[in-house]
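Architecture and fold: a report
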Amino acid sequence: MKRDSVAVYSRLIASRTMASQSAMTTDKAATITLKGVFERLAESYELPKKQAHALLGDMVDALTTHLKNGERIRMNGLGILEVKKRPARQGRNPATGETIQIAASKKVAFRPAKELKEAV
C-alpha cells in the first residue's frame, strides 16, 4: 500500500513539475477556438454539440451581416463591435524606405465593456 501511494505521489510531483516548466516556457495565453466555446456551452446546457455549433455559427453570420450593413453591435457585459473606416494615407516600405500610398480600408473595432475590463 505504501509503495502505491509513493508511486502516485511521485507521478503527481512529476506532472506538476512538467506543467510548471511548460507554463514558464510559454509566454502566450491559450487560444480557445469557436469549437471549444460551443462544446463547453453544449455541456453546460445539455445540448447536442451539433445544435450548439449551429447556434454559434448562425450568431457569427448574423454579427457579420450587421457589421457589413454598418451597424454597431452592443453586447451587454462584453462590449461594442463596430466597423471603422481608415482613410488612405502615405506610408514607407521598411525594406527600401520608399514612400508608398496605402489604400483606404475598413476594420472591425472592439471596445470592451466596463464589466469586462473589471473582470480581466
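Placed above this text is the structure.
Here goes a summary of the coordinates provided. On a predicted model such as this, the values are computed, not experimentally measured, just so you know.

Moving on to the overall build of the protein. Along the backbone of the protein there are four helices and five strands. The secondary structure elements of the protein, listed N-terminal to C-terminal, are α-α-α-β-β-β-β-β-α. Here the protein, with 120 residues, has 12% of them falling under the buried criterion. Across the protein, contacts joining residues at least 24 apart in sequence account for 33% of those joining residues at least 6 apart.

Turning to the sheet that holds strand β5 (residues 105–112), a few remarks are in order. Strand-to-strand pairing in sheets goes through backbone hydrogen bonds, with the strands running parallel or antiparallel. Pairing in this open sheet of three strands is antiparallel, and the strands run β1-β2-β5 from one edge to the other. Among the strands making up the open sheet, the edge pair consists of β1 (73–75) and β5. Each strand of the sheet is rotated relative to its neighbour by a mean of 25°, with strand direction disregarded. Pairing analysis gives eight bridges linking strand β2 (residues 79–86) to β5, with the strands arranged antiparallel. Opposite I80, over in β5, you have R111 as the bridge partner.

Right, let's get into the side chain of E82. Here E82 is to be found in strand β2. Given a relative accessible area of 13%, E82 falls into the buried group. Residues in contact with E82, not counting those within four places in the same chain, are L67, R72, K107, V108, A109 and R111.

Rules used throughout
Residues numbered from 1 in each chain as written. Predicted model: local features only at pLDDT ≥ 70, side-chain atom pairs only at ≥ 80, totals over all residues. Heavy atoms only, no water. Helix = DSSP H or I, 4+ residues; strand = E, 2+ residues; numbered from the N terminus. Buried < 20%, exposed > 50% of the residue type's maximum accessible area, 1.4 Å probe, protein only. Contact = heavy atoms within 4.5 Å. Pairing = 2+ DSSP bridges. Axes fitted to C-alpha atoms, helices over the stretch in contact; angles between N-to-C directions.

Shape is all these values report; function is a separate question.
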